Every structure is written in C-alpha cells, then in structure tokens.
Amino acid sequence: GDSVTQTEGLVTLTEGLPVMLNCTYQTIYSNPFLFWYVQHLNESPRLLLKSFTDNKRTEHQGFHATLHKSSSSFHLQKSSAQLSDSALYYCALSDRMNYNQGKLIFGQGTKLSIKP
Amino acid sequence: EAGVTQSPRYAVLQEGQAVSFWCDPISGHDTLYWYQQPRDQGPQLLVYFRDEAVIDNSQLPSDRFSAVRPKGTNSTLKIQSAKQGDTATYLCASSLEGSYTGQLYFGEGSKLTVL
C-alpha cells in the first residue's frame, strides 16, 4: 500500500545551523501530491509546503523542498534554524486526482528541537 | 473566516464508556475527515465524507466507532465501549473538492484519555 517514511524521530540542532528532514514515499498514484505539515505544541497540524511538480523547488516561510519522483523523496530543508522552528513535522502523501486530494497519508513525524 | 471547530477539547473515560465528538467544518467545505492521532504518531485517517456520503471508512473500527454527517455540514464521531487503545487525539479536518490544492484545514482536536 501507499506509505510515507520519515527516518528521524527526533532531530536536535543548534540555532543557526541548517535543517534537513527526510521524507520518502511509496505509492501507486501516478500523480502523487506531497505535503509538509507542521504541528506546534498543543496546536493542530497546518500546511507548510506542498508540491506535485517533479524537480521543482517549492518554498514557504524560509523552508523549501523539492519533489524528486525518481527517488520518491520530498526532503524538507532550511538554511538556518530558528528557535521558533521547534515543532513536529509531518510529511504526507495524497493522490492528485481532485476527488481524492484530501485523503492524506501521513508519515510518523519528526520532532525538530532547536537549542540556543 | 471561522476555522474548523471541534468539541469537546478533552474527554477522560473509563474503559467501556461511550463518547461523542463533534465537528463543524469551514463553511462551504464539502469534504470532512476524521483522523486519529495517537501520542507521538502521525494522524491516521478513520473516515471521510463528501457532503453527507461516506467516501471511505475502511479504517474505522466499525464494531465500536461510528461517524455521521447527516446534512453534509457538521459531523459526529462516536466511540462506544472505549478501550485504552483508543487514547488519542481525534482531529477533524475539512477541504473543498475541486479546489485543486489538496490542503486540509484541521481543527484543534479532541484529546481522549481512556483509563
């Protein structure tokens, strides 16, 4: 079946260092739609980034990711971590067909902890 | 624009008790989802509706869980005879079919603890 894998459960970084959170996926969808959701403590998940275009970089709020269909990856990156980036980050997959776009399959999540 | 509203925010039950969670989606959103998020795990889809119709309930434990959306607006998720394994946050989300964004808007969640 379809699945999303986030290999790191916890990433701890010092403020100012670059961030990279890994995400790979498996799917039968011919047009996968990939997302990064962020969940701060005691809040609900909210969309950070999304993409369905192969090899095109997408950016938002200082974060960026590129969908690589050849390697089934959608890694999240940021050049310089901030304390406020501390949160749970979920990679998610859906089918780009419009009738099924919202049926998201989430990864296990990566907790990003930024230290001063 | 009001977001997705859920209630109650918290519930604590003994095993065997029942609980209902209520969700009011964003106005105009035709698709509504219920996700279960156990502690330290990603959200897992239980059921979703388009208008009043169930589109997929394959992951809903049908012997104890039920969900309805009778008028295609608000929705109720009910757990009968709760078990400790049901301890999780229950997230409601909504979206608009045909918006081609794929984005879900989540409510704040209903946190269930089963003792």
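That block above? That's the structure.
An account of the accompanying structure is given in this report. (Residues numbered from 1 in each chain as written. Chains lettered and ligands numbered in written order. Predicted model: local features only at pLDDT ≥ 70, side-chain atom pairs only at ≥ 80, totals over all residues. Heavy atoms only, no water.)

### Quick look at the pattern of salt bridges
Residues and elements named next belong to chain B.
Now for step 1: Tallied over the full model, the rule gives six salt bridges over all chains.
Now for step 2: Taking the shortest distance from any N to any O, the salt bridge between R9 and E108 comes out at 3.1 Å. Linking R9 in the loop between β1 (5-7) and β2 (10-13) with E108 in the loop between β10 (105-106) and β11 (110-114), this pair joins segments that are 99 residues apart in sequence. (Salt bridge = Lys/Arg side-chain N within 4 Å of Asp/Glu carboxyl O. Helix = DSSP H or I, 4+ residues; strand = E, 2+ residues; numbered from the N terminus.)

### Overview of the packing of aromatic side chains
Now for step 1: Throughout the structure, instances matching the rule amount to 14 aromatic pairs over all chains.
Now for step 2: Between Y33(B) and Y48(B), the aromatic rings sit 5.1 Å apart at their centres with planes inclined by 20 degrees, giving stacked as the arrangement. Of this pair, Y33(B) sits in strand β4 (residues 31-37) while Y48(B) is found in strand β5 (residues 44-50), placing the two residues 15 residues apart along the sequence.
Now for step 3: Using a relative accessible area of 0% as the deciding quantity, one classes Y33(B) as buried.
Now for step 4: Here Y48(B) falls in the buried class, since its relative accessible area comes to 2%.
Now for step 5: Here a set of aromatic residues connected by ring pairs shows up, and it is made of F33(A), F35(A), Y37(A), F52(A), Y90(A), F106(A), Y33(B), Y35(B), Y48(B) and F106(B). (Phe/Tyr/Trp six-rings, centres within 6.5 Å; stacked < 30°, edge-to-face > 60°. Buried < 20%, exposed > 50% of the residue type's maximum accessible area, 1.4 Å probe, protein only.)

### A short note on the state of the cysteines
By definition, a disulfide links the sulfur atoms of two cysteine residues through a covalent bond.
Residue and element names in this part refer to chain A.
Now for step 1: Tallying each qualifying case throughout the model produces two disulfides over all chains.
Now for step 2: A sulfur-sulfur distance of 1.9 Å marks the disulfide that ties C23 to C91. Around the S-S axis, the bridge from C23 to C91 shows a dihedral of about -65 degrees and counts as left-handed. In this pair, C23 is assigned in the loop between β3 (19-21) and β4 (24-26) and C91 in strand β10 (residues 87-95), connecting sequence segments 68 residues apart. (Disulfide = S-S within 2.5 Å.)

### As for the pairing of β11(B)
Residue and element names in this part refer to chain B.
Now for step 1: Residue alternation in β11 divides its side chains into a buried set, S110, L112 and V114, and an unburied set, K111 and T113.
Now for step 2: Bridge count for β2 against β11 is four bridges, and the pairing is parallel. The partner of Y10 across the bridge, within β11, is K111.
Now for step 3: Inspection of the sheet shows strand β9 (residues 88-95) paired to β11 by three bridges, in the antiparallel sense. By the bridge assignment, Y90 is partnered in β11 with S110. (Pairing = 2+ DSSP bridges.)

No statement about biological role is implied by the geometric values presented.
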